[in-house]
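Structural overview
Residues per chain are reported as follows:
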Amino acid sequence: MITKKTLQLSLKSLRDFAKKRLPDEELIALDERDECPVEIVRHMSNPDQLGIQLLFIPEEYGGMGGSTFDVYLICEQMARIDLGVATSLFATFLGSDPITFGATPEQKKRWLGKIADEGILFAYGATEPEAGSDLGALKTTADRVEKDGKIVGYKINGTKQWISNGGIADHYTILANTPAGPTWFIVDAGTKGFAHDKPEDKHGIRLSNTAALALDNVYVDADRLVGGAEGQGLLQAQAVFGYTRLMVATFGLGGGWSALDRAIPYSAKRIQAGGPLSEKQGYTHKLIVPNVARLEAARAYIEQTADRIDAGEGSLNTEGAIAKYMATEAGNLAADASIQALGGYGYTHEYMVEKIKRDVRITTIYEGTSEIMEMTISRDRWQLHLKTRGQHYHEEALKCEELHAKHPNVGAGTAALALHALAEVMEKARATRLTRHQHILLRLGELIAYAESAGSLARRAALMAENKLNEKANKRFDAAALAAISRIFAREAALKIAQDGMRWVIGAAGATPAEISGLEASLGLPTIHAAQAGLVSDMDFLADALYGRAAKRAEMAA
Ligand SMILES: Cc1cc2nc3c(=O)[nH]c(=O)nc-3n(C[C@H](O)[C@H](O)[C@H](O)COP(=O)(O)OP(=O)(O)OC[C@H]3O[C@@H](n4cnc5c(N)ncnc54)[C@H](O)[C@@H]3O)c2cc1C
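First, a word on scope: everything that follows refers to the structure included in this document. Residue indices follow the written sequence of each chain, beginning from 1 at its first position. Since the coordinates come from a predicted model, pLDDT governs what is reported: local features require at least 70, and pairs of side-chain atoms require 80 or more to be given and counted, while whole-chain, interface and lining totals use all residues. The side-chain values count all of the structure's non-hydrogen atoms but skip hydrogen atoms and water molecules.

1. Here's the deal with the site of the ligand
The environment of the ligand is formed by 20 residues, the closest being Tyr 124, Thr 127, Ser 133, Thr 369 and Glu 371. Under the rule applied, a polar contact is a pair of N or O atoms within 3.5 Å (in protein, one hydrogen donor and one hydrogen acceptor; residues adjacent in sequence only if both atoms are side-chain atoms). Within the side chain of Ser 164, a nitrogen or oxygen atom sits 2.8 Å from a nitrogen atom of the ligand. Between Gln 438 and the ligand, the recorded distance is 2.9 Å, taken from a side-chain N or O atom to a nitrogen atom. Protein chains shield 68% of the accessible area of the ligand, which is 970 Å² for the free molecule. Mapping the ligand onto the cavity grids shows that it belongs to the largest pocket. When contributions to the shell around the ligand are tallied by element, the ones reaching two or more residues are strand S3 (150-164) and helix H14 (370-387). The criterion for a residue being near a molecule or strand is simple. One of its heavy atoms has to lie within 4 Å of it. The accessible surface values rely on the Shrake-Rupley method and a 1.4 Å probe; as for residues, cover is taken only from the protein chains in view. The rule is simple: put a 1 Å grid over the protein atoms alone, call a set of points where a 1.4 Å probe fits but cannot get out a cavity, call an open set with protein on both sides within 12 Å along at least five of seven lines a pocket, and count a residue as lining if it has an atom within 4 Å of a point. To be counted as sitting in a cavity or pocket, a molecule needs more than half of its atoms within 2 Å of that site's grid points. Numbering goes from the N terminus for both helices and strands, where a helix is a DSSP run of H or I of at least four residues and a strand is a run of E of at least two.

2. Some points on empty space enclosed by the protein
Grid points are joined across faces, edges and corners, and a volume is the space filled by probe spheres set on the points. Applying the stated criterion across every chain, the model contains two cavities of 30 Å³ or more. Estimates place the volume of the largest cavity at around 60 Å³. Every residue along the wall of the largest cavity is listed here: Ala 79, Arg 80, Ile 81, Asp 82, Leu 83, Gly 255, Ser 258, Arg 262, Met 352, Lys 355, Ile 356 and Asp 359. For the lining of the largest cavity, the elements supplying multiple residues, two or more each, are helix H5 (68-81), helix H9 (241-269) and helix H13 (352-360). A total of four residues in the lining of the largest cavity trace back to one element, the largest contributor, which is H13. Each residue is assigned to one of three groups, with Ala, Val, Leu, Ile, Met, Phe, Trp, Tyr, Cys and Pro labelled nonpolar, Asp, Glu, Lys and Arg labelled charged, and all others, Gly among them, labelled polar. The residue makeup of the lining of the largest cavity, split by class, is five nonpolar, two polar and five charged. Space inside the second largest cavity adds up to approximately 40 Å³. Every residue along the wall of the second largest cavity is listed here: Val 425, Ala 429, Ile 440, Arg 443, Leu 444, Leu 447, Gly 501, Trp 504 and Val 505. Taken together, the residues that form the lining of the second largest cavity break down as seven nonpolar, one polar and one charged.

Written as structure tokens, this is what we have:
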């Protein structure tokens, strides 16, 4: 188990290493040259140097056995440094996942041990030119090679696309169709018939090597079949989606914060119209504050999900999807706003926010696109809605109301309004059979993610107030600031759910003026509007907290 102290040491070594080896000028130069710093990636993987991989590997195989919570914090830190390098390190983690969760004990010992001891690099080869979101369409084949009636190996043929570490990995996990269905195989770099293409010329994460792979009659021994039984590949991939998507969520979170952490100090120094931009409400309340609220809502959901996975609640695939969706969408918005916050400077290569914006863009695409996340979330929660006869989100709202009774300042009351409104929108969608429209199904996925995140952030703010947050949790904001963040986000979520909910219900089913009034009432729209009171002063309060003005204001008031 990793203690808080060990984790903090690892985070510090990572920061120190980055400061020395990957300062902004170096990152910008590598980005411009479109170069993956392989030597740095290997240094970071090397157990005798930084040994980041050790955190991911269970103790029994020579690793440090980091918890989901530990890995979240490390991944966020890596993303803050550079999302390309983070992707490269994550690729080994992703590439070894089918082994961690599906391999035989001997295979685990051999391969996970090798990653821990030698710091080798893996790549994860699932996607193909015609099989992206729909992995079931994969065409790569693995044909049995038999000797004396016994399977001794496989011949793999096919093409893989967009593979991170594709041109630099030592070993690859490759998904291929056997006679019994999709199956993972471990293939060594340099095997006869196995080649990679030149690195892709990408929009962002240019420090990460991404390449297509070609497999032409590549022979592997039977012991390279992960788990020893054919046809388990998609199940093995799905078994870890909750976890792996949670880690990509941390990339969105880290990328978004990395941009804001440049925009915030910039705006404190940049003088326009007689004063710093940070003193201008029209600037902070548009470009900074709402992005902080969305990112911290995503963090609350990430932390809650990590805690639950660590508590043994299972793989939590839907929760991983919600975390990824909220954090990566928020990360993109925050990075885009940061370019605006730096004005013309933000638009130039010289300032990091331009690079971060390009880098963070990938997080809504890889490891499942945002649209696939919306579908995953919606389908799962739709079943819950049906199973509970429409009561699931009303019950979640009641929990928030109880929390509100105990902690009236953490936004739980408004989160409850959001959850009640969601339950009503879903019920209306059921009654008028709206999910036959795929668009409505996916929009519900978005509203579900907002509502659940509002509940999660209110709980986090309450835990913070009670001093009961996970001891390793990020404590950048004190209880009062976190409560303000929660109130700001809950208002946004409630209004979004009620307004978008009405839009999609009316947009798909139509409504008379009387029905529209009824819908407004059942969704609690007037109450949600009333709950917006106090929003601007909460934003003022958060801006003061972000710019370290809270103490000064209190002093002046005294
Ligand atoms: C830089 C980079 C690194 C990557 N690294 C890896 C890696 O290491 N290993 C690996 O295996 N893969 C990797 N990928 C692949 C990545 O996971 C896929 O690109 C992603 O899953 C999307 O697949 P696709 O590109 O084929 O898009 P498509 O699936 O064709 O999707 C295109 C668009 O259509 C939408 N869409 C798709 N299906 C539906 C639907 N049913 N309903 C509505 N909308 C839909 C999508 O949301 C998206 O907006 C990487 C990709 C990139 C760009």
